[in-house]
Amino acid sequence: MSSKPVIGRTEKNRMNKRTLDALEYGRIRDQIAGFCLSEEGRESFSLIGPSADPAEVSRRKNLAGAWLAALASERPPAFSAWPPIRPCLPRLTVEGASLVMDEFLSLGLFADAADALRSWASSRESQTASGRRDSLALGAGAGTGRFDSLDGALIESALAIPDLSPVSEAIFRIIDRSGELRDLPELRAIKESIRKIRQDIDRLVNRYLTDDIMKSALQSNLPTIRDGRQVIALRANFRGRVRGIVHEVSQSGQTVYVEPEDVIDRNNDLVTEEHRLSREVARILRELTARIAPLHADLELGLERMVFHDGQRAVASWGAANRCCFARDRAPDAAPESPPAIKLRQARHPLLKDRAVPIDLAFTPPARVLIITGPNTGGKTVSLKTAALFALINQSGWPVPAADPTALPIFDFVGCDIGDEQSLDQSLSTFSGHMKNVAEILESATDRSLVLLDELGSGTDPQEGSAIAMAVLDALLERGATVLATTHHGILKNYGYTHESCVNASVDFDQTTLSPTYRILMGVPGESHALDIAARNGLAPAIVARARSYLQEERADVSALIRGLTAKHEEIDRLEKEKRDEEREIREKRRRVDLKDLQLRQREQELREGGVRRLDNLLEESRKRLENLVRELREGELTRDKTVGVKEWIAEFGALVDAERSTLRSESDQLASDTAALESIAPDSGVPGEGVGRKARAAPRGASSAAQPTSVPDFAPGVDVYVGPSRRRGTILRSASGNRWVVTVGTLKMTVKANELSAVPVAPGAQKATVSVVADLSGDDVPAFELRLLGLRQEEAMRALQRQLDLASMKGLKEFSVVHGKGHGILQQAAHDMLAHYPAVKEFHFALPEAGGTGKTIVTMR
């Protein structure tokens, strides 16, 4: 739970201060610290730095992610600010020491804040254990009813905060929540004595102030306090009118402040009682300090964890305010064994806020060096800083302002050479400053390092600078570091093409408006467009024209080649997108055809199963008749040949039925295999090998593949029929008057005219097929965790509730709530009637009073 900084711990993290300053990491940290609620949380957060330990990064991200989910839930954590308490904690360990009331108030408020978060976590833990699901619920534990939750890491961490309720109870028995001493029994008598003494003093002083004889001697008719004692203000020339002690004389000498003799004793009594009260209060505070002192370790641990949670809550709040997501360790489409890669999607530099142009950057192994070229002010350096800053943000356990999926590996070192390193104090030129930084980076870089090199090879002769730049890239490639570099040198563009570990990229430039679009084009180098930008920024046209004339023809040819490559790259991207869309459409059509073919085979299988059952019945009846025949023959003239012939007929007939049953079993197994294969193919999955449908159509069908004669049976009870123009299939139950028949269609029973019915053709000797109903549970409709019926008419509400119950039964939702309101109780009664008669409802009851009471019903399904 420690929030100690990791900067400077070279054994785990070698991010130097220059890198953090160049990438303005501190400004991001200060932004997040502004979301902390406590002063101690802000101070602690300002010491946090990026970590190179994957376990530590994962722990921070899990907890911040849990805070983010919990803050967006219907019941966010209870977390409040508290005054600083760290300065007073060491005094709790000093024997005989005593805290003051302000410090006790701070401790009490801190204990309340810690207990509030701990109580919230305990309540959430009970909810997950009981199986009451909510918007944060994940999967259920096997057979336990418990479910995992998105805020599980926060619940576990908050429950580890020590119980500080004894501290809060002890403090607030002595003082109230405004920091004032309560009316304690041991102080009541002293306070009463002080009150009476003050009344006596007021009476004695008022006697002087209201005496008519004294009016001419008084400078003021109001009592005055000097040194905590009541005195009267007399004119200096009437000093002898009142016997007493002079406490003060005004600067003008016209007024003297006298304490009369008869008031002196009572003032002395007041001082004595107030001192007695102070001693008693000091004793009470010492005893309170002694009661809290044994809990010093819990307070220290609680403060450490509350400060950490304050920081994690600030991270989550900042992430929500900036539409952030947590970077993944690897991209979803990456192979498990492949090295981690940088993949930024719609990344926005957090300091640019609304002015930030989202960028996409995909940099995957085996590439190790990305060389970005393009015009000035085109966004090369911003892209560089965004990628590196995101790495630092990610390794601090914070979300990044980007869209999911964004992936970033954990680097052990982030080094950068960005900006002008010229130093007059150290006699360093711009080029010397860059070389000094590059030398330090080369000493620290490893195969897990990220290196940023802005304007590599600039500041000196272009030819020599290009040679140095290529040598530096060679050295970094040998170390296996991940490198992002920007340059204007044309030789480095060629370097990117000739090395398999290098990738060229460019920032796009709009030739129409002569302005950058800030879009990164991967795989294509860019032109500098220096002349266009110079003209756009006010350089005289004649000078620009002369500059163009100085460009060699070979340079023009290279620029034309780059423009052609850029256009080709964009055309290839467009064609690839169209191809992907077309393949997806073809896969979906193939899936639908295969599904239709499979449904037809299922129907055929159902009919064949019905035929085999009919044959089984026939065999059983034939066996009984033949046994009767044999019995009759025994009573008459019986020959051995007749008996053998009868037995052979029975055996041959049974063999035919067994062969048909064996064929049926083999085709059922093939059908089950095809069904499983088809269900495993999602609409947007890869192209299936030969296609289940084609395989199904080629499957042998035995005897059923040949055309079989069919007949149309007459209407009678038990005959299958098609009903009406929609040709829904049903079964006749019985005849009715007026040439009508009673028919069941699904769960409905209806009376239909004979001319609206048509019998289902059947094969001769075939028994009625058994039809199985298959519910498609793959649709997009899902049941709601909370169904709101408020504002609906009763009919609409009942239809909505019926649909909710059906979806809950099919999708396996075990518990949900129905908000019907209170009102006159009509909607409530109708809902309860439907729930009482729905067979899949296990039980239902009103919600707890704080969760809606009689206006909300909790439904549990079977």
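Below or above, wherever it landed, is the structure these notes cover. (Residues numbered from 1 in each chain as written. Predicted model: local features only at pLDDT ≥ 70, side-chain atom pairs only at ≥ 80, totals over all residues. Heavy atoms only, no water.)

**Let's talk about the overall build of the protein chain**
Consideration 1: When its secondary structure is counted, the protein chain shows 21 helices and 23 strands.
Consideration 2: Residues counted as buried form 41% of the 862 residues belonging to the protein chain.
Consideration 3: Look at the contacts in the protein chain between residues 6 or more apart in sequence, and 68% of them connect residues 24 or more apart.
Consideration 4: Total accessible area on the protein chain is roughly 46400 Å²; 53% of this is exposed by carbon and sulfur atoms. (Helix = DSSP H or I, 4+ residues; strand = E, 2+ residues; numbered from the N terminus. Buried < 20%, exposed > 50% of the residue type's maximum accessible area, 1.4 Å probe, protein only. Contact = heavy atoms within 4.5 Å. Areas by Shrake-Rupley, 256 points an atom, 1.4 Å probe, with all protein chains shown as cover.)

**Structural notes on the sheet that holds strand 22 (residues 841-846)**
Consideration 1: As summarised here, the arrangement of the four strands in space is 20-21-23-22, forming an open sheet in which the pairing is mixed. A single partner strand is all that each edge strand has here, and the edge strands are strand 20 (786-788) and strand 22. Averaged over neighbouring strand pairs, the angle between their axes works out to 20° when direction is ignored.
Consideration 2: Both strand 20 and strand 21 (residues 815-819) contribute to a ladder of three bridges, which runs parallel. Along strand 21, the bridge assignment pairs Glu-786 with Ser-817.
Consideration 3: Across the face of the sheet, helix 20 (residues 794-811) comes into contact with strand 20, strand 21, strand 22 and strand 23 (856-861) while running at roughly 175° to strand 21. (Pairing = 2+ DSSP bridges. Axes fitted to C-alpha atoms, helices over the stretch in contact; angles between N-to-C directions.)

**A closer look at the environment of Gly-821**
Consideration 1: With respect to the helices, strands and loops of the structure, Gly-821 is situated in the loop between strand 21 and helix 21 (826-837).
Consideration 2: For the pair formed by Gly-821 and Gly-853, sequence separation is 32 residues and the distance between their alpha carbons is 9.3 Å.
Consideration 3: Ignoring anything within four residues of it in the chain, the contact list for Gly-821 reads Leu-790, Gln-828, Thr-854 and Gly-855.

**A word on the nonpolar core**
Consideration 1: Ranked by internal contacts, the top residues of the largest apolar core, which has 65 residues, are Trp-82, Ile-171, Leu-234, Leu-299 and Met-306.
Consideration 2: Counting residues per element, this core draws most heavily on helix 5 (residues 101-130), which supplies 10 residues.
Consideration 3: In terms of nonpolar packing, the next biggest core, distinct from the first, is built from 48 residues, Phe-45, Cys-324, Phe-390 and Leu-392 among them. (Core = buried A, V, L, I, M, F, W, Y, C linked by side-chain atoms within 4.5 Å.)

**Some thoughts on the packing of aromatic side chains**
Consideration 1: The tally for this structure, following the rule as stated, stands at six aromatic pairs.
Consideration 2: Both rings, one in Tyr-25 and one in Trp-398, keep their centres 5.5 Å apart while their planes meet at 10°; by these two values the pair is stacked. Of this pair, Tyr-25 sits in helix 2 (residues 25-33) while Trp-398 sits in the loop between helix 11 (380-395) and strand 10 (413-417), and the two are 373 residues apart along the sequence. The pair Tyr-25 / Trp-398 is uniform in exposure class, with both members buried.
Consideration 3: Where Phe-79 meets Trp-82, the ring centres are 6.2 Å apart and the plane angle is 70°; that geometry is what we call edge-to-face.
Consideration 4: Phe-79 sits in the buried class, given a relative accessible area of 13%.
Consideration 5: On the basis of relative accessibility, which here comes to 5%, the residue Trp-82 falls in the buried class.
Consideration 6: Through successive ring pairs, a cluster of aromatic residues spans Trp-67, Phe-79, Trp-82 and Phe-110.
Consideration 7: Over the face of the ring belonging to Phe-172 we find Arg-177, whose NZ or CZ atom lies 4.0 Å from the ring centre.
Consideration 8: A cation over an aromatic ring shows up here: Arg-226 above the ring of Tyr-257, its NZ or CZ 4.3 Å from the ring centre. (Phe/Tyr/Trp six-rings, centres within 6.5 Å; stacked < 30°, edge-to-face > 60°. Lys NZ or Arg CZ within 6 Å of the ring centre and 35° of its normal.)

**Focus on helix 13 (residues 462-479)**
Consideration 1: End to end, helix 13 covers 26 Å across 18 residues, agreeing with the expected 26 Å (1.5 Å per residue, within 8%).
Consideration 2: Within helix 13, burial applies to Gly-465, Ser-466, Ala-469, Val-472, Leu-473, Ala-475 and Leu-476.
Consideration 3: Downstream of helix 13 by one or two residues, Gly-480 has phi in the positive range, about 80°. (Expected span 1.5 Å × (residues − 1).)

**A short note on the pattern of salt bridges**
Consideration 1: Counted under the stated rule, the structure contains 33 salt bridges.
Consideration 2: One salt bridge connects Glu-588 with Arg-591, and the closest N-O pair in it is separated by 3.2 Å. Of this pair, Glu-588 and Arg-591 both sit in helix 17 (residues 553-635), three residues apart, which is roughly one turn of that helix.
Consideration 3: In this structure Arg-591 comes out as partly exposed when scored by relative accessible area, which is 24%.
Consideration 4: A salt bridge links Arg-793 to Glu-796; the nearest nitrogen and oxygen atoms lie 3.1 Å apart.
Consideration 5: Judged by relative accessible area, which is 55%, Arg-793 ranks as exposed.
Consideration 6: Given a relative accessible area of 26%, Glu-796 falls into the partly exposed group.
Consideration 7: Salt bridges here are not isolated pairs; linked through shared partners, they connect Asp-200, Arg-203, Arg-266 and Asp-269. (Salt bridge = Lys/Arg side-chain N within 4 Å of Asp/Glu carboxyl O.)

**Some remarks on unusual backbone geometry**
Leaving glycine aside, a negative phi is the common case for residues, and trans is the common case for peptide bonds.
Consideration 1: With omega at 5°, the peptide bond leading from Asp-404 into Pro-405 counts as cis.
Consideration 2: Within the secondary structure, Pro-405 is located in the loop between helix 11 and strand 10.
Consideration 3: Of note, Glu-24 is a non-glycine position whose phi angle comes to about 60°, a positive value.
Consideration 4: A positive phi is found at Gln-346, a non-glycine position, where the angle reads about 55°.
Consideration 5: Among the residues examined, Gln-346 registers a relative accessible area of 35% and is labelled partly exposed.

**Observations regarding the environment of Gln-804**
Consideration 1: Mapped onto the fold, Gln-804 is located in helix 20.
Consideration 2: Residue Gln-804 is classed as buried on the basis of its relative accessible area, which comes to 5%.
Consideration 3: Between the C-alpha atoms of Gln-804 and Val-818, which are 14 residues apart in sequence, the distance is 9.7 Å.

Honestly, that's just the spatial picture; any functional story needs more than this.
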